[in-house]
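A look at the structure
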Amino acid sequence: MYKLIGAPVSLYTGKVRCYLQFKGIAFEEVLATPQIYRELIIPRTGVRYIPVLVTPDDRVIQDSTEIIDYLEQRFPDRPVYPAGPRQRLVALLLEVYSDEWLVNPAMLYRWMIEENRQFAISEFGRTRLPEASPEEQYAAGLEASAPFAGALPRLGITDHSRAAIEASYLTLLDELNTHFSSHDYLLGDRPCIGDFGLIGPLYAHLYRDPASGRLMQERAPQVARWVERMISPAVASKGGDFLPDDAVPDTLLPIIKRMFDEQVPVLMKTARQLEEWITANPDATEIPRAIGKLRYRLGDMEEERLVFPYNLWMWQRPRDFYSKLTSDQRAAVESLLSETQARALTSPLPVRLQRRNNRLERLIETGQ
Ligand SMILES: N[C@@H](CCC(=O)N[C@@H](CS)C(=O)NCC(=O)O)C(=O)O
């Protein structure tokens, strides 16, 4: 049987759990306790990230996107990647947006709102010491959660950026609420890879953390209903089809615009800074998790955050898809995107990135 190693509080574990349930794949969930980190996660993956999937033939895979792609090959029924170019592109874009950008409101609401912070600390403690008393769990949770809570400034989440991130999230909730008033999932009656991306932040943090959960229920009840469909094995596995004729609902267009306005400029700057880093480190193949700082904008607010090249590995996915479209397909897709957006999607990246042994590397082309 498949084993999913993760935790209820973990954003990316939520993504994979919902996917496994939707596909009806039998799995056992294993809590990522310190012992599991020592005995399995660290020795078998070389890194300290969850989720980790252990396959029945004892293969170990880290990274939610790689796990889903591995399983899609083996469980091709009811694919989560739509076949139509418009729907496929939107699904891939919204995965990048959810995984790499909505982590910002997810982290802000968890660690800057006291009620959520207290809850998360206890939850981290329950993961670290499942059998201990609540007091011991709280103490362990404080220690275990410190690096996560401490990551906020690195992501550009500060007192200065707080209001802008909150305002953006609240508008996104409104946009999603409108969308889910007419559609069960992003692209119709079946969840796509974009829904699985979105469920990470929207379930594990923003629905499950108590103060955020109330906010979602009150402000965007249709989003809360969508979360409930996504996390319910019985409901999720029944899903039907994507919308016919490769249709993309108009209600998703403001969300795509939000991604291009907020996140894509950060991806463009990340690409430029990666190019400089490569010029300064011409012999390095492995690329560090963070390579310096950039300034990002949200509305009128500007703040600094670290530069994460991994974001570009994710960005390669919609870019690769777009670059392989025929001219007819491209014309169909282009009606979804403005000229500036299409230009951003085709603007060159300094290097091709790959993940090898769970580390990010530049791909060096060998031979002729
Ligand atoms: N892109 C990775 C991200 C995994 C990730 O960041 N997981 C978090 C928990 S939700 C973690 O283990 N973080 C540890 C750390 O940042 O050091 C994925 O999709 O699996």
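Bear in mind that the values here come from a model prediction, so they are computed numbers and not experimental data.

Quick look at the UniProt feature "domain: GST N-terminal" (unreviewed entry) in the chain now. Here the UniProt feature "domain: GST N-terminal" (unreviewed entry) sits at residues 1–79. A distance of 21 Å separates the end C-alpha atoms of residues 1–79, which is 46% helix and 20% strand.

Where helix H3 (residues 64–74) meets helix H15 (residues 310–323), the closest approach of the two axes is 11 Å, and the angle between their N-to-C directions is 40 degrees. As the angle between them shows, H3 and H15 are arranged oblique. Across the interface between the two elements, Thr-65, Glu-66 and Asp-69 from H3 touch Trp-313, Met-314 and Arg-317 from H15. Along the lines of polarity and charge, the residues of the contact of H3 with H15 split into two nonpolar, one polar and three charged.

Looking now at the sheet that holds strand E3 (residues 52–54). The four strands lie next to each other as E2-E1-E3-E4, forming an open sheet whose pairing is mixed. Bordering the open sheet on either side are strand E2 (27–31) and strand E4 (60–62), each of which pairs with just one other strand. Within the sheet, the average angular offset between the axes of one strand and its neighbour, ignoring direction, is 20 degrees. Looking at chain direction, E3 and E4 are connected through three bridges and run antiparallel. Its bridge partner being in E4, Val-52 is matched across the sheet by Gln-62. The strands touched by helix H2 (residues 34–45) within the sheet are strand E1 (2–6), E2, E3 and E4, with E3 carrying the most contacts at an inclination of about 90 degrees.

Time to look at the side chain of Glu-175. Checked against the element boundaries, Glu-175 lands in helix H8 (residues 159–182). Overall, Glu-175 belongs to the buried group, its relative accessible area being 15%. Ignoring anything within four residues of it in the chain, the contact list for Glu-175 reads Thr-251, Pro-254, Ile-255 and Arg-258.

The next thing to look at is the domain arrangement of the chain. Each domain of the chain was delimited in the assignment, giving domain 1 (2–74), domain 2 (85–248) and domain 3 (260–362). Measuring from the centre of the C-alpha atoms in domain 1 to the corresponding centre in domain 3 gives 26 Å. Taken together, the contact between domain 1 and domain 3 spans nine residues of the former and nine residues of the latter. Summed over both sides, the interface between domain 1 and domain 3 buries roughly 740 Å², with carbon and sulfur atoms accounting for 33% of that surface. Of all residues in domain 1, Tyr-49, Thr-65 and Glu-66 give up the largest surface area on contact with domain 3, accounting jointly for 46% of the area buried on that side. On inspection of domain 1 and its partner domain 3, the count reaches three salt bridges. In this structure, Glu-66 engages Arg-355 in a salt bridge whose closest nitrogen and oxygen atoms are separated by 3.1 Å. At the junction of domain 1 with domain 3, the criterion picks out seven residue pairs in polar contact (both at pLDDT 80 or more). Ranked by residues supplied to the side of domain 1 that touches domain 3, first place goes to H3 with three residues. Tallied by class, residues from the side of domain 1 that touches domain 3 come to two nonpolar, four polar and three charged.

Turning our eyes to something else, we now look at the state of the cysteines. If you walk through the whole model with that rule in mind, you get zero disulfides. With no disulfide of its own, Cys-18 lies closest to Cys-192 among cysteine sulfurs, the gap being 13 Å. We classify Cys-192 as buried; its relative accessible area is 0%.

The rules behind these values
- Residues numbered from 1 in each chain as written.
- Predicted model: local features only at pLDDT ≥ 70, side-chain atom pairs only at ≥ 80, totals over all residues.
- Heavy atoms only, no water.
- UniProt positions renumbered as here; feature names shortened; annotations may be inferred.
- Helix = DSSP H or I, 4+ residues; strand = E, 2+ residues; numbered from the N terminus.
- Axes fitted to C-alpha atoms, helices over the stretch in contact; angles between N-to-C directions.
- Parallel < 35°, antiparallel > 145°, perpendicular 65-115°, else oblique.
- Contact = heavy atoms within 4.5 Å.
- Nonpolar A, V, L, I, M, F, W, Y, C, P; charged D, E, K, R; others polar.
- Pairing = 2+ DSSP bridges.
- Buried < 20%, exposed > 50% of the residue type's maximum accessible area, 1.4 Å probe, protein only.
- Domains from an automatic or database assignment.
- Buried area = accessible area lost by both parts, 1.4 Å probe.
- Salt bridge = Lys/Arg side-chain N within 4 Å of Asp/Glu carboxyl O.
- Polar contact = N/O pair within 3.5 Å; in protein donor to acceptor, adjacent residues only side chain to side chain.
- Disulfide = S-S within 2.5 Å.

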